[in-house]
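Residue-level listing of the chains:
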Amino acid sequence: MKRAGFPLAFAIVLLVLIIAPHVLGTFQRVLLTEILIWGLFAVAFDLLYGYTGMLSFGQATFFGFGSYAVTLAILRGKLGLWPALLVGLAVSAVAAGIVGFFAVRIRGHYFVIITVIFSLIFFFWALNWSWLTGGDDGLSFQVPAVPLGWWKFSLYDPITNYYFVLAFCAIAFLFSRRLVRSPIGRILVGIRENEERARLVGYNVEHFKLLIFVISGALSGLAGALYSLTFRYANAGLMHWTVSGDAVMWTLLGGAGSLVGPIVGTGLLVAFSDYVSSWFENYKIIIGALIILVVLAVPQGITGLIRDLWTARRISTDGS
Amino acid sequence: MAGRIVAFWAAVAVLVVLPRALTPYQLSVAAEIMIWGLFAMAFDLLYGYTGMLSFGQAIFFGAGGYGTAFGVLRLNWGIWEALGLGLLVAAAFALAVGFFAVRVSGHYFLILTITFSVITVLVLQSGHWRWLSRGYAASPFTPPLVPLGPWRISLIDPLANYYWVLAFVVVSFLVCWRIVNSPLGQVFRGIRENEERSRLIGYHVERFKLIAFVLGGLFSGLAGALLALTLRYVDISYFELTLSGKAVAWTVIGGAGTLIGAFLGALVFIVSTDYLSAWTINVPLSIGLLLLVVVAFAPDGLIGVVRGKRR
């Protein structure tokens, strides 16, 4: 892609997303908000899996931490929106730091297993400590107004809420893009391709893995915080491993290691589930079959497939 | 080697005389632990020896259990025919899933087996198959008598069931032991260590992985069939993904790639769960922490700890 390509594409997509809520109905607007939040969650997972090669089945843990931290900060701590959001980010980053401290030392299959274990531990913990977390019923709360300079916004207004989510997703996306294109991003890909080699070149592999684990955890936590602020509740179910599994699915379908891919995958599957579930109860079977197909036939995902076809066409036209 | 053979037969001898010291309830728990150990060993054959981390073993466990129950409940077959049907169904499922799964490796294999497992439960729960699976409503049945020479043995008697399970577990263990120490087992280990290298040497890697997968499915199915005959009911929980996860946990705790570690892991896990549940409601939490310690500090499991000390 040319140098001007990305800013232009980004601006166009952003513009479309800014106009979208005025064109769409309520149902679609809520759906779009949800897609943005889950898309951010999938991007956070992609940083870990697609770029660094760490298949984590525990990202829902940090989503849940972000969600609970914001909820409890507002509900029990009586904090304003910005401090609460900061608490959400900090708590999920710290949780990721603790889990990552153990997890990054372990490679391959055992890394997957350890993330599953942590995820189960925290899920049952959230379920059992219902005095704090509300357990399965969860907690619901009133969202305070957003002070921004002289203005105060209320997130109860769906369109304001949409823009609030969009702003964070756009910033997080640009941040992630900057990150993977920085020297750090190169090192992460180096670790994915060959951990031993990266170590022998002289990089402290564990440090970089921990760094990306914490960043991914914090972004997952941000997604969780946005989810709670949008739907005004948090429950233990958000920490369930199936939520982590969703991120894996979306990322694989869209194309791992591309940042855009996870968002595309999330958009397609969330929209598909929402529409199809209303008239076909067993829609999840179709999604499962789709994932099997992707893993077997199109491991590069949809965006990867498009990129491959594009490159192939350009090569053939250049050649002739 | 000779020491291990002596240890194995000593363990079998202990298991043979053990029922004298146990109450009927403990007897049934012991039989269940052996069944779960068998299930974990089937997983070990896949993971510990061939390097395939499958989170889908419950599919074959459930297939074995349902196949057997179907033979007894609907077809009114004798025990051997029903058991044969259970194994056949499990092997057929393993062949079907394995056909796709062995074509990918690493993370993709893991994701594929999880997906297959989730789909299986979804399909069985969906409207079209509920006549067969009945969802979470248990289908109870009475296991037919086991004709053995002039006798007819009822598996409802816990003691008879214990020895019935023990016989299958011992035979299965010996078969698996033979397999992993045969040239076939060497090929499995070669694939685990380096798939590419095995391919370059000239082995048809996919075929060997499929053989391992079907063998793993077969023994998982046997475990499912034995559990169905012990509990005298089947329901869809036999297919649950958490069972596959438990097999992973037991094998990792005991020590992967050792066969006997799977049994040790199942024993430690189930007994400690039993005791812990008297003390705390946070059993999954405690088990999780135990697993964490094992993965972080003793990646070769309990067997690895024992062997490391001896060295």
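Computed from a prediction, not measured in an experiment: that's the story for all the values here. (Residues numbered from 1 in each chain as written. Chains lettered and ligands numbered in written order. Predicted model: local features only at pLDDT ≥ 70, side-chain atom pairs only at ≥ 80, totals over all residues. Heavy atoms only, no water.)

Participant: Explain the overall build of chain A residue by residue, including any values.
Facilitator: Looking only at helices and strands, chain A has 14 helices and four strands in total. Taking 20 Å as the expected radius of gyration for a compact globule of 320 residues, we find that chain A reaches 20 Å, a close match to that expectation. Overall, the C-alpha framework of chain A stretches about 65 × 50 × 45 Å when taken along its three principal axes. Within chain A, the fraction of its 320 residues that count as buried is 53%. (Helix = DSSP H or I, 4+ residues; strand = E, 2+ residues; numbered from the N terminus. Rg over C-alpha atoms; globule rule 2.2 N^0.38 Å. Buried < 20%, exposed > 50% of the residue type's maximum accessible area, 1.4 Å probe, protein only.)

Participant: Account for the overall build of chain B, naming residues and giving values.
Facilitator: Within chain B, the regular secondary structure consists of 14 helices and four strands. The globule rule puts the C-alpha radius of gyration for 311 residues at 19 Å, and the 19 Å found for chain B is close to it. For chain B, the C-alpha atoms occupy an extent of roughly 50 × 45 × 45 Å along the three principal directions. Out of the 311 residues in chain B, the part that is buried amounts to 52%.

Participant: Break down the packing of aromatic side chains for me, with residues and values.
Facilitator: All names here are of chain A. Tallied over the entire structure, the rule returns 51 aromatic pairs over all chains. When the ring of Trp-38 is compared with that of Tyr-227, the centres are 5.4 Å apart and the planes differ by 55°; the resulting orientation is tilted. On the criterion of sequence distance, the pair formed by Trp-38 in helix 2 (residues 26-51) and Tyr-227 in helix 10 (residues 205-231) is long-range, its members being 189 residues apart. Where Tyr-227 meets Phe-231, the ring centres are 4.8 Å apart and the plane angle is 45°; that geometry is what we call tilted. Placement of both Tyr-227 and Phe-231 in helix 10 is noted, with a separation of four residues, approximately one turn of the helix. By relative accessible area, which is 10% here, Tyr-227 ends up buried. Exposure remark for Phe-231: the relative accessible area of 27% places this residue in the partly exposed category. (Phe/Tyr/Trp six-rings, centres within 6.5 Å; stacked < 30°, edge-to-face > 60°.)

Participant: Could you give me a rundown of the pattern of salt bridges, with the residues and numbers involved?
Facilitator: All names here are of chain B. Counting across every chain of the model gives twelve salt bridges over all chains. For Glu-196, the salt bridge goes to Arg-199, with nearest N and O atoms at 3.6 Å. Placement of both Glu-196 and Arg-199 in helix 9 (residues 195-201) is noted, with a separation of three residues, approximately one turn of the helix. One salt bridge in this structure joins Glu-206 and Arg-199, with 3.1 Å as the shortest N-O distance. (Salt bridge = Lys/Arg side-chain N within 4 Å of Asp/Glu carboxyl O.)

Participant: How would you sum up the nonpolar core? Please name residues and give values.
Facilitator: Within the largest apolar cluster, 209 residues are counted, with the highest numbers of intra-cluster contacts made by A:Leu229 and B:Trp164. Sorting elements by how many residues they give to this core places helix 2 (residues 24-50) of chain B first, with 17 residues. (Core = buried A, V, L, I, M, F, W, Y, C linked by side-chain atoms within 4.5 Å.)

Participant: Break down the packing of helix 3 (residues 59-75) of chain A against helix 4 (residues 81-103) of chain A for me, citing the residues and quoting the values.
Facilitator: Residue and element names in this part refer to chain A. It is the contact of helix 3 with helix 4, at a shortest axis distance of 8 Å, that shows an interaxial angle of 145°. The two elements helix 3 and helix 4 meet at a crossing, and its hand is right-handed. Facing helix 3, whose interface residues are Phe-62, Phe-65, Gly-66, Ala-69, Val-70, Ala-73 and Ile-74, helix 4 presents Ala-84, Leu-85, Val-87, Gly-88, Val-91, Ser-92, Ala-95, Ala-96 and Val-99. When its residues are assigned to classes, the contact of helix 3 with helix 4 shows 13 nonpolar, three polar and no charged. (Axes fitted to C-alpha atoms, helices over the stretch in contact; angles between N-to-C directions. Left-handed = near helix turned anticlockwise from the far one by under 90°. Contact = heavy atoms within 4.5 Å. Nonpolar A, V, L, I, M, F, W, Y, C, P; charged D, E, K, R; others polar.)

Participant: Describe the confidence of the model for chain B, listing the residues and the values that go with them.
Facilitator: Across chain B, pLDDT averages 89, with 96% of residues at or above 70. At the level of chain-chain contacts, confidence expressed as ipTM amounts to 0.85, with global pTM at 0.88. (pLDDT = per-residue confidence, 0-100.)

Participant: Explain the side chain of A:Thr230 to me, using residue names and the numbers behind them.
Facilitator: Residues and elements named next belong to chain A. As for its placement among the helices and strands, Thr-230 is situated in helix 10. For Thr-230, a relative accessible area of 13% gives the class buried. One polar contact links the side chain of Thr-230 to the main-chain carbonyl oxygen of Leu-226, over a distance of 2.7 Å. If we ignore the near neighbours within four places in the chain, the residues touching Thr-230 are Thr-33, Ile-37, Asn-161 and Val-165. (Polar contact = N/O pair within 3.5 Å; in protein donor to acceptor, adjacent residues only side chain to side chain.)

Participant: Any details on the interface of chain A and chain B? Residues and values, ideally.
Facilitator: In this assembly, 29 residues from chain A lie in contact with 33 residues from chain B. Here chain A packs against chain B, burying approximately 3,000 Å² in sum over the two surfaces, 82% of which is carbon and sulfur. Three residues, A:His109, A:Tyr110 and A:Ile292, lead the burial of chain A against chain B; their summed loss comes to 21% of the area buried on that side. Across the chain A-chain B interface, the total number found is one residue pair in polar contact (both at pLDDT 80 or more). (Buried area = accessible area lost by both parts, 1.4 Å probe.)

Participant: So what's going on with the environment of A:Arg199? Which residues, and what values?
Facilitator: Residues and elements named next belong to chain A. Tracing the backbone through its elements, the reader meets Arg-199 in helix 9 (residues 195-201). The class for Arg-199 is partly exposed, based on a relative accessible area of 27%. Apart from the residues lying within four places of it in its own chain, the contact partners of Arg-199 are Arg-107, Val-205 and Glu-206.

Participant: Tell me about unusual backbone geometry, residues and numbers included.
Facilitator: One non-glycine residue, A:Lys78, lies in the positive phi region at around 55°. Of note, A:Lys78 is situated in the loop between helix 3 and helix 4. The phi dihedral of B:Arg232 is positive, around 60°, even though this residue is not glycine. The residue B:Arg232 is located in the loop between helix 10 (205-231) and strand 4 (233-234) in this model.

Participant: Tell me about the environment of A:Pro144, and please be specific about residues and values.
Facilitator: Residues and elements named next belong to chain A. With respect to the helices and strands, Pro-144 occurs in the loop between strand 1 (139-140) and strand 2 (146-148). In sequence terms Pro-144 and Thr-133 are eleven residues apart; their C-alpha atoms lie 20 Å from each other. Those residues in contact with Pro-144 that lie beyond four places of it in its chain are Ile-74, Leu-79, Gly-80 and Leu-81.

Participant: Help me get a handle on a nonpolar patch on the surface, residues and values and all.
Facilitator: On the surface, a nonpolar cluster with roughly 440 Å² of combined accessible area is contributed by A:Leu15, A:Ile18, A:Ile19, A:Val23 and A:Leu24. Using a relative accessible area of 44% as the deciding quantity, one classes A:Ile19 as partly exposed. (Patch = residues over 30% accessible without salt bridge, like charges linked within 9 Å, V, L, I, M, F, W, Y side chains within 5 Å. Areas by Shrake-Rupley, 256 points an atom, 1.4 Å probe, with all protein chains shown as cover.)

Participant: So, helix 3 of chain A: which residues are in play, and what are the values?
Facilitator: Between its terminal C-alpha atoms helix 3 of chain A stretches 24 Å, which fits the 24 Å expected from 17 residues at 1.5 Å a residue. Burial of helix 3 of chain A is extensive: 16 of the 17 residues sit out of reach of the surface. (Expected span 1.5 Å × (residues − 1).)

Participant: Describe the packing of helix 4 (residues 79-101) of chain B against helix 5 (residues 107-125) of chain B, and please don't skip the residues or the numbers.
Facilitator: For any two helices packed against each other, the geometry comes down to the angle between their axes and how far apart the axes lie. All names here are of chain B. Close contact between helix 4 and helix 5 brings their axes to 10 Å; oriented N to C, the two are set at 145°. Considering only the axes of helix 4 and helix 5, their crossing is right-handed. On helix 5, the residues that touch Val-97, Phe-100 and Ala-101 of helix 4 are Phe-109, Leu-112 and Phe-116. Grouping the constituent residues of the contact of helix 4 with helix 5 by class yields six nonpolar, no polar and no charged.

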